[in-house]
Amino acid sequence: MKIFKKYIISIIIMGFVPAQNKVPMSIVDLINVPSIGSPQLSPDGNFILYTLSEANWDENKRVSHIWRINKDGKNKFQMTQGENGENSPRWSPNGKYFAFISKRGKLEDEKNQIYLISNVGGEASKLTNHHTSVSNIQWSPDGENIYFLASDPELEEEKKKNELNDDVYAFDENYKQRHLWKVIIKDKNIVKITDGNFSIINYTLSRDGKKVALHRGPNPLYGYANMQEVWGMNADGTGMVQITENNVPESGAKFSPDNSKILFTSFSNENFDFYYNDNLFISSSDGVSTKLLLKEMPHAVSSAIWSKNGKSIIFRANTGVRTEIFQVNLSNQKLKQLTKGDHSIGSWNYESRLNQMVFKITSPTNSGDLYLANLNNKFLPKKVTDHFDYLNEKYLIPKQEVISWSGKDGIKVEGLLYYPLNYNNGEKYPLVVQTHGGPASSDKFSFGSWSRYVQVLTARGWMVLKPNYRGSTGYGDEFLRDMVGSYFNQSHLDVMTGVDYLINRGMVDENRMVKMGWSAGGHMTNKIITFTDRFKAASSGAGAVNWISMYAQSDVRIYRTPWFGGTPWEKNAPIDSYWNNSPLKDIYKVKTPTIILVGKNDPRVPMPQSVELYRALKSNNVPTHLYVAPREPHGWRELKHELFKVNIELDWFEKHALNREYKWELAPNNKVTKNEEKDGN
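So, a few notes on the structure that sits alongside this text.

Calculation notes
Residues numbered from 1 in each chain as written. Predicted model: local features only at pLDDT ≥ 70, side-chain atom pairs only at ≥ 80, totals over all residues. Heavy atoms only, no water. Helix = DSSP H or I, 4+ residues; strand = E, 2+ residues; numbered from the N terminus. Rg over C-alpha atoms; globule rule 2.2 N^0.38 Å. Buried < 20%, exposed > 50% of the residue type's maximum accessible area, 1.4 Å probe, protein only. Contact = heavy atoms within 4.5 Å. Areas by Shrake-Rupley, 256 points an atom, 1.4 Å probe, with all protein chains shown as cover. Phe/Tyr/Trp six-rings, centres within 6.5 Å; stacked < 30°, edge-to-face > 60°. Salt bridge = Lys/Arg side-chain N within 4 Å of Asp/Glu carboxyl O. Polar contact = N/O pair within 3.5 Å; in protein donor to acceptor, adjacent residues only side chain to side chain. Pairing = 2+ DSSP bridges.

Attention now moves to the overall build of the protein chain. Of the regular secondary structure elements, the protein chain holds 14 helices and 36 strands. Its C-alpha atoms give the protein chain a radius of gyration of 26 Å, near enough to 26 Å, the size a compact globule of 681 residues would have. For the protein chain, the spread of C-alpha atoms along the three principal axes comes to 70 × 65 × 65 Å. Taking all 681 residues of the protein chain together, 56% fall into the buried category. A fraction of 54% describes how many contacts in the protein chain between residues 6 or more apart in sequence connect residues 24 or more apart. Surface summary for the protein chain: the accessible area is close to 29600 Å², and the carbon and sulfur share equals 46%.

Each pair of aromatic rings is reported with the distance of its centres and the angle of its planes. Within the structure shown, the criterion is met by 32 aromatic pairs. Centroid distance F274 to Y275: 6.0 Å. Interplanar angle 80 degrees. Geometry classified as edge-to-face. A relative accessible area of 17% means that F274 is categorised as buried. Take Y275: its relative accessible area is 1%, and that puts it in the buried class. Ring centres of W563 and F564 lie 6.1 Å apart, and the angle between their planes is 90 degrees; this geometry places the pair in the edge-to-face category. For the pair formed by W563 and F564, the shared burial category is buried. Ring pairs connect the aromatic residues F267, F274, Y275, Y487, F488, W547, Y551, Y559, W563, F564, W569 and Y578, which therefore count as one cluster.

Turning our eyes to something else, we now look at the pattern of salt bridges. In this structure the tally under the stated criterion is 26 salt bridges. The salt bridge partner of D389 is K383, with a shortest N-O separation of 2.8 Å. Overall, the relative accessible area of 35% leaves K383 in the partly exposed class.

Glancing now at the environment of L221. By the secondary structure assignment, L221 is in the loop between β14 (211-217) and β15 (229-234). Along the chain, L221 and E83 lie 138 residues apart, while their C-alpha atoms are 30 Å from each other. Setting aside anything within four residues of it in sequence, one finds L221 in contact with D172, Y175 and Q228.

Here we come to the side chain of Q327. Here Q327 shows up in strand β23 (residues 323-329). A polar atom in the side chain of Q327 sits 2.8 Å from the side chain of S312.

Take the sheet that holds strand β25 (residues 344-351) next. On the basis of which strands lie adjacent, the open sheet formed by 4 strands has the order β25-β26-β27-β28 and antiparallel pairing. The open sheet has two edge strands with one neighbour each: β25 and β28 (382-383). Pairing between strand β26 (residues 356-363) and strand β27 (residues 366-374): 7 bridges, direction antiparallel. If you follow V358 over to β27, its bridge partner there is L372.

Before going further, it helps to spend a moment on the pairing of strand β3 (residues 61-70). When you tally the buried positions in β3, you get 7 out of 10 residues, the bulk of the element. Bridging between strand β2 (residues 47-56) and β3 involves 10 bridges; their strand directions are antiparallel. The residue of β3 that forms the bridge with Y50 is W67. Hairpin geometry of β2 and β3 is characterised by an intervening segment of 4 residues between the two adjacent antiparallel strands and by a positive phi of about 60 degrees at N60. Examined bridge by bridge, β3 and strand β4 (residues 77-78) share 2 bridges and lie antiparallel to one another.

Glancing now at unusual backbone geometry. The omega torsion across G438 and P439 is 0 degrees, close enough to zero to call that bond cis. Structurally, P439 is set in the loop between β31 (429-435) and α5 (454-459). Even without being a glycine, N355 presents a positive backbone phi close to 55 degrees. Structurally, N355 can be placed in the loop between β25 and β26. The backbone phi angle of Y453 is positive, close to 35 degrees, even though this residue is not glycine. Here Y453 shows up in the loop between β31 and α5. You can call Y453 buried: its relative accessible area is 0%.

Here you go:
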């Protein structure tokens, strides 16, 4: 209560008085916002299953449970309550049951297993007791089997050595191949479908259950994604046919309804040259012919499905600051946009027999409720869930709008602008510049997440800019490929011309600006602080500072090779390109006070990158701190770590840019009692 009072007082001091009994969001409020995933429409179209992930502060993590709701939005009901949570609900073909994945009990399950539960509720029954964790479950159309992916088990010799701590391992070789399996429902017998020195990365059963479209790689390691290819085979594992043979990643392979074709997406052009906006490809089922479907597609395709009759393809596409659903007619390649709005389309599920789909829409005031749409008639999505209605009813949400400006070379650049809650036209406000990760992605209209906490920043009087700098997706190949050959060609200039645009409009106080970002957003922060000292403070989250060392340290390299024209260890390696694009090269120029945050177990942008940055800044007497989160991977997951990140950044920004003391927000289970407040403790 004490913290909340101080928070409200600070808002009033900034000249803002809450209206209509709405209040600004606190950090904990934002972290507590749940998330919806895995929507599944029942075979008869009457119900929708989905997961709802919620913060559990006592366990210091988020826990997902499965919910069911009627198609008309009535009778919302939590179907599972396991202490470790559940995921991946999948309806049986007759709709009487659904399967899900869970690790139940503290001692009962060592690995994730498949469970079955009746649609009317009751206790779930365990279907598998597999030796390794299962994932990617799919029912056969006859309801007799459930297919899944799982890694091969440890050999007995390996188990014994590990028990004795005789556990020296060969780096990047200590994996087990992942294969396709199925469990027979009636007797719980498990059958291995594929076997060999390769891994099944993902798969999709054909609609008749006779075929499987799959992505097969030499191993399950993320860094080998370019060596994964599209294959097709019979559902029993026979007749495996290779569809693609290139050096680029593909995803989302699916057989057409008549099994004559396979669609997939690829981060390439029609010649399978790498590093282009994701686009749609269609191949014959024998792999003889493959073609790019939409040669003039200006946007990035994120996922795609065959229509009910196979005469068209429905897909989601990143259009820059939005994600929309489109449909393309295969006979004339006519493109039709099915959704339109200042929003982003998230997880979806298409029930081909009904020609209906369920998907989530996130917007500036809603974090992703589910909508149902019928493709038999005019596409009119109807809202089904109401989990996020409370956000706009209870909290003050910042105004969000798209803006555009000219880059240094005259090219149009877009971004999202968030207004302070106390905004008055004509006044100048402090600015937080946030750059997105990827970099092959973009910032879109959405409610956002805890990690960038725009609701908290705008409540404290900050304006926030999220620029879709050169290298972002959704703006065509030329815009994306500006980074090919030189990572920091126009990208950092796009950020700064966006800042200047706001200053020239009289909206931003150029003496009170800060910079932050995570992953590729952290790379950009590291570059910006070497390029200019106009920012009063910065936060670098999991960012690269030395591209030469980064190339070998990270678990993925394929996306970085095009940026610099080759590897750093090939003959006549383009070392100059790597070094000239490394912020470390110009680190001596930095004056901006900069904090650094990284997960100790981050495989993507490993901790040594942050250590290099920290030691360089420290040596040059730049105010800095390096904060390492134990156990965390690239994206932080523990609630108290998330709370720390926001607190430390706000503390740093307000100290250096606003000369204002910041009061840290406490976790709910750490708050002081009323008696302690009275005692002044």
